[in-house]
Amino acid sequence: QVQLVESGGGLVQAGGSLRLSCAASGRTFSFYGMGWFRQAPGKEREFVASINGIGGSTSYADSVKGRFTISRDNAKNTVFLQMNSLKPEDTAVYYCAQGRTIAATTSTNEFGSWGQGTQVTVSS
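Treat the numbers as computed from the prediction; the structure is a model and nothing was measured.

Student: Explanation requested: the sheet that holds strand β1 (residues 3-7) in the structure shown.
Tutor: For sheets, the rule is that strands pair by backbone hydrogen bonds, running either parallel or antiparallel. Read from one edge of the open sheet, 4 strands run β1-β3-β8-β7, paired in antiparallel fashion. Lying at the two open borders of the sheet, with one neighbouring strand each, are β1 and β7 (68-73). When the angles between neighbouring strand axes are averaged without regard to direction, this sheet yields 15°. Two strands pair when backbone bridges link them, and strand β3 (residues 18-25) and strand β8 (residues 78-83) are joined in this way by 6 bridges, in the antiparallel orientation. Its bridge partner lying in β8, Arg19 is registered against Gln82.

Take a look at the structure:
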């Protein structure tokens, strides 16, 4: 059974940075793409970023391109989301997810396992 545990969320001022981590267990980590999604109050969960199993391909939502960077350390079974130049509209619960395949996919339907989420709050 896959377990995903996020950490690193918190409160930060606009323009600041946070680094989210997600530790995975239960399956061979490098065989699967990983992704980050977020959900703000009253809104649907949305794609943020994804990375393929070997870390050579990434995908980003337009709203975070140039500010967020996804990476992974397969030796430590961990995926990261470096968030810079944060804006109040980035405020949400951020979820780590493991894909059903090795690809860097973008649809929630293509991710089969989810973490419990970590809150990110950006004050103006």
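Student: I'm lost on the state of the cysteines in this one. Help?
Tutor: Working definition of a disulfide: a covalent bond connecting the sulfur atoms of two cysteines. In the structure shown here, the tally under the stated rule is 1 disulfide. A sulfur-sulfur distance of 2.1 Å marks the disulfide that ties Cys22 to Cys96. The disulfide joining Cys22 to Cys96 has a torsion of about -75° about its S-S bond and is therefore left-handed. Highlighted residues: Cys22 in strand β3 and Cys96 in strand β9 (residues 92-99), separated in sequence by 74 residues. For the pair shown, Cys22 and Cys96 are each scored as buried.

Definitions and cut-offs
- Residues numbered from 1 in each chain as written.
- Predicted model: local features only at pLDDT ≥ 70, side-chain atom pairs only at ≥ 80, totals over all residues.
- Heavy atoms only, no water.
- Pairing = 2+ DSSP bridges.
- Helix = DSSP H or I, 4+ residues; strand = E, 2+ residues; numbered from the N terminus.
- Axes fitted to C-alpha atoms, helices over the stretch in contact; angles between N-to-C directions.
- Disulfide = S-S within 2.5 Å.
- Buried < 20%, exposed > 50% of the residue type's maximum accessible area, 1.4 Å probe, protein only.

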